[in-house]
Amino acid sequence: MGIIILYKFDGGKNIMNKDEKVCYCFNVTVGDIEKAINEGADSLGAVQQATKAGSGCGRCSANVEKVLQNY
């Protein structure tokens, strides 16, 4: 699994699908990552601590970073 498209471009805005699964190892969605960010997670390590996303096989780490950068 490579980098998936998490955003759709719509009239100058990036729209995220909150139900889009980012981490299949731990069943973590974009919405779960956004919640972690809203609760103070500001790095890959912090998101991993809060959600476990990216801490299994590691394949989704780039997608987790993508959500962090674009939120």
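Summarised in this report is the structure supplied together with it.

With that settled, consider helix α3 (residues 61–70). For α3, the complete set of buried residues consists of S61, N63, V64, V67 and L68. Taken end-on, α3 shows its buried residues confined to a sector of 165 degrees, consistent with a single buried face.

Applying the stated criterion across every chain, the model contains zero disulfides. Cysteine C57 is unpaired, with the sulfur of C25 as its nearest cysteine sulfur at 3.8 Å. In this structure C57 comes out as exposed when scored by relative accessible area, which is 53%. C23 provides the cysteine sulfur closest to C60, a residue in no disulfide bond, and the two sulfurs are 3.9 Å apart.

Take the nonpolar core next. Residues V22, I33, V47, V64 and V67 are the most contacted members of the largest nonpolar core, which totals 16 residues. Where this core is concerned, the elements lending two or more residues are β3 (21–23), α1 (30–38), α2 (44–51) and α3. It is α1 that provides the largest number of residues to this core, a total of four residues. The contacts of I33, once residues within four sequence positions are left out, are V22, V28, V47, V64 and V67.

What counts and how
- Residue indices begin from 1 for each chain and proceed along its sequence in written order.
- Given that the model is predicted, a residue must reach a pLDDT of at least 70 before its local features are reported, and side-chain atom pairs must reach 80 or more before they are shown or counted; all residues, however, enter totals for whole chains, interfaces and linings.
- Note that the side-chain values use all heavy atoms of the structure and ignore hydrogens as well as water.
- Whether a residue is buried, partly exposed or exposed follows from its accessible area with a 1.4 Å probe, protein chains only, as a fraction of its type maximum: under 20%, in between, or over 50%, in that order.
- Secondary structure elements follow DSSP: runs of H or I of four or more residues count as helices, runs of E of two or more count as strands, with numbering from the N terminus.
- The arc in question is the one traced by the directions running from the helix axis out to the C-beta atoms.
- In what follows, a disulfide is any cysteine sulfur pair within 2.5 Å.
- Think of a nonpolar core as a cluster: buried Ala, Val, Leu, Ile, Met, Phe, Trp, Tyr and Cys residues, connected wherever their side-chain atoms sit within 4.5 Å.
- Contacts are assigned to residue pairs with any non-hydrogen atoms lying within 4.5 Å of each other.

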